Amino acid sequence: MKCGLLGGKLAHSYSPQIHSQLGNYSYSLFEKSAEELEDFLKNGDFTGLNVTIPYKKSVIPYCAELSDCAKMLGAVNTVVRRNDGSLIGHNTDYSGFATMLRTSGLSVSGKKVLVLGSGGASNTVVAVLQAQGADPVVISRSGENNYEKLHLHSDAAVIVNATPVGMYPKVGVSPVDLTLFPALEGVLDLIYNPARTQLLLDAESLGLIACNGLEMLVAQAKESAQWFTGNLISDDVIPKIHRSLKNSMENIILIGMPGCGKTTVGGLLAKRTSKNFVDADEYLAEKAGKTIPEIFADIGEAGFRRLETQTLADLGKQSGLVIATGGGCVTVDRNYPLLRQNGTLFWLQRSISKLPVDGRPLSQTNDLEKMYEARKPMYQRFADHIVDNNCEPETAANTIAKILEGNV
Ligand code: NAP
């Protein structure tokens, strides 16, 4: 069976990875221009397709039949070629978002939910919310309910982002200021790259429920796989695939005092998890064409910190890395969202007496005990987990790997 994803630009698709865990069929990426669409749909060598931006509506005229859900939404994200060669169009985004909403734990019945954006995904979200008895309000840049009138909706209980704002590579921006909504319980963002958009990071910092769109992506793929194969697939696969995908995308980030073992432990973790290892200071030095002591001598600590923030912005938005950070990165608050957007942060702790100082400009010129006392609350603020490294590095790496295996 030959299946695949049809879309305009497919560079960062996770669908092949997901479908490889859903059934015994090949899954290719079919990147097509609007001019190529008709010939591909009529004569293309495929049995089943997922359809993404910008073709969810354009494929409809080529479908001999639409499922009730596809008809209701006026959009198709799954196409199956029948024995007579004709195409049937389905929409599995509906059940994908319904799964995301259910697993978020948010109850929306009788509550106001703001849906940001008025495109195809917004339509689907609104239909699911209405079916669950919520009161959805679409916020559109050009609509009656627009971003200048958000103050009229301070009673919103949930916000769903169905815009591309905050998506890789244009990370670090949020479509709304969450402090405008005192009754807010949670935020759902259909974006899954980065794992935590600025909107979700803001929700996390306010202690709200915050979920990205990865579960939706997996759940819609599961229903599509059922249409492709004609076989029922248990819902139990959804959290399993979600976890494996999340673990492969997530960055593992090591913070801690200079010399606490981040490079050694990071190297071991990279091997164990098949992720690429990056030492942030080495990356920075290579880009600058100078050693770290030379950079300190030339532009001082403030200049170094600026370069470090740029480095962490570059690395933090990538996926599937183990990143050993410089010991002082926690002294700049702005570095936290850069690291957290795709990563879990581990604070490696090692006794001060065991820390080497060679080649470390700040360790040589400062009393390490004093430096540790000053930075301790900062490490605490950044850390998701604290891991002892007064042991063999393998033991610390094992501890981190175990924490991640239980993570989702
Ligand atoms: P779309 O049809 O292009 O619609 C996006 C909507 O967002 C637009 O209609 C627009 O609404 C708004 N928008 C676009 N650019 C904006 C900007 N710069 N600032 C503010 N608003 C902007 O895309 P879509 O198919 O609905 O997808 C929307 C998002 O959901 C994408 O990020 C997509 O990747 C994601 N998605 C995820 C899944 C999943 O499985 N997790 C599935 C489907 C979609 P207004 O003009 O009304 O403001």
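The structure presented is a predicted model; accordingly, all values stated were derived computationally and were not measured.

J.: I tried to follow the overall build of the protein on my own but got confused; where do I start?
T.: Of regular secondary structure, the protein possesses 15 helices and 16 strands. Over its C-alpha atoms the protein spans a radius of gyration of 24 Å, differing by no more than 12% from the 22 Å that the globule rule assigns to 408 residues. Scored against the burial criterion, the 408 residues of the protein give a buried share of 51%. Nonlocal contacts in the protein, meaning residues at least 24 apart in sequence, comprise 68% of its contacts between residues at least 6 apart. Approximately 18,500 Å² of the protein is accessible, and the part contributed by carbon and sulfur atoms is 51%.

J.: What exactly am I supposed to notice about the sheet that holds strand E3 (residues 48–51) here?
T.: By way of backbone hydrogen bonds, the strands of a sheet pair with one another, either parallel or antiparallel. Ordered in space as E2-E1-E3-E5-E6-E4, the six strands form an open sheet in which the pairing is mixed. Whereas interior strands pair on both sides, the edge strands pair on one side only; in this sheet they are strand E2 (26–31) and strand E4 (65–66). On the sheet, helix H7 (residues 214–229) packs against strand E1 (2–7), E2, E3, strand E5 (78–81) and strand E6 (87–90) and is oriented at approximately 10° with respect to E5.

J.: Is there a simple way to think about the sheet that holds strand E15 (residues 343–349) in this case?
T.: Pairing within the open sheet is parallel, and its five strands lie in the order E13-E14-E12-E15-E16. Looking at which strands have only one partner, the edges of the open sheet turn out to be strand E13 (276–279) and strand E16 (385–388). Within this sheet the neighbouring strands show an average axis-to-axis angle of 25°, counted without direction. Where strand E12 (residues 251–255) lies against E15, five bridges are found, and the strand directions are parallel. Bridge pairing in E15 links Ile253 to Leu345.

J.: What is the right way to look at the site of the ligand in this model?
T.: Around the ligand sit 20 residues in total, of which Ser118, Ala121, Ser140, Arg141 and Gly213 are the nearest. Here an oxygen atom of the ligand sits 3.2 Å away from a polar atom, N or O, in the main chain of Gly120. Ala121 is positioned such that a nitrogen or oxygen atom in its backbone is 2.8 Å from an oxygen atom of the ligand. Taken together, the elements giving at least two residues each to the shell around the ligand come down to helix H5 (120–131) and H7. Tallied by class, the residues present in the shell around the ligand amount to 11 nonpolar, seven polar and two charged.

J.: Sorry, what's going on with the side chain of Arg196 here?
T.: With respect to the helices and strands, the residue Arg196 is situated in the loop between strand E10 (186–189) and helix H6 (198–205). Under the relative-accessibility criterion, Arg196 is labelled buried at 10%. Within the local environment of Arg196, its side chain forms a polar contact with the side chain of Glu204, the two groups lying 3.4 Å apart. One polar contact links the side chain of Arg196 to the main-chain carbonyl oxygen of Arg340, over a distance of 2.7 Å. Sequence-distant contacts of Arg196, that is, excluding residues within four places in its chain, are made with Leu201, Glu204, Glu250, Arg340, Gln341, Asn342 and Gly343.

J.: How should I be thinking about the packing of helix H9 (residues 262–273) against helix H15 (residues 393–405) in this particular structure?
T.: Packed helices, taken two at a time, are described by their axes: the angle between them and the distance between them. Axis separation between H9 and H15 bottoms out at 9 Å; the angle between their running directions is 50°. Relative to H15, the element H9 is oriented oblique. Helix-helix and strand crossings are classified by hand; for H9 and H15 the assignment is right-handed. Counted together, Thr264, Val265, Leu268, Leu269 and Arg272 of H9 and Pro393, Glu394, Ala396, Ala397, Asn398, Ile400, Ala401 and Glu405 of H15 form the full contact between these two elements. Of the residues that constitute the contact of H9 with H15, the class distribution is eight nonpolar, two polar and three charged.

The rules behind each value
Residue indices follow the written sequence of each chain, beginning from 1 at its first position. Selection of residues for local features in this predicted model requires a pLDDT of at least 70, selection of side-chain atom pairs for listing and counting requires 80 or more, and totals for whole chains, interfaces and linings are taken over all residues. Excluded from the side-chain calculation are hydrogens and water; included are all heavy atoms of the structure. Strands here are runs of E lasting at least two residues and helices are runs of H or I lasting at least four, both read from the DSSP assignment and numbered beginning at the N terminus. In this treatment the radius of gyration is a C-alpha quantity, and the globule benchmark scales as 2.2 Å times the residue count to the 0.38 power. Accessible area is worked out with a 1.4 Å probe on protein chains only. A residue is then buried under 20% of its type maximum, exposed over 50%, and partly exposed in between. Only heavy atoms enter the contact rule, under which two residues are in contact if any of them lie within 4.5 Å. Surface accessibility follows the Shrake-Rupley procedure with a 1.4 Å probe radius. Residue values consider only the protein chains on display as shielding. At least two bridges found by DSSP between two strands is the condition for calling them paired. In this analysis an axis means a line fitted to C-alpha atoms, helices contributing only their contacting stretch, and an angle means the value between N-to-C directions, from 0 to 180 degrees. Being near a molecule or strand, for a residue, means having at least one of its heavy atoms within 4 Å of it. By the criterion applied in these results, polar contacts are pairs of N or O atoms within 3.5 Å in which, for protein atoms, one can donate a hydrogen and the other can accept it, and in which residues neighboring in sequence qualify only through two side-chain atoms. Amino acid classes used here: Ala, Val, Leu, Ile, Met, Phe, Trp, Tyr, Cys and Pro are nonpolar; Asp, Glu, Lys and Arg are charged; the rest, including Gly, are polar. Roughly parallel covers angles under 35 degrees, roughly antiparallel covers those over 145, roughly perpendicular covers 65 to 115, and oblique covers all other angles. Here a crossing is called left-handed whenever its near helix is offset anticlockwise from the far helix by less than a right angle, and right-handed whenever the offset is clockwise.

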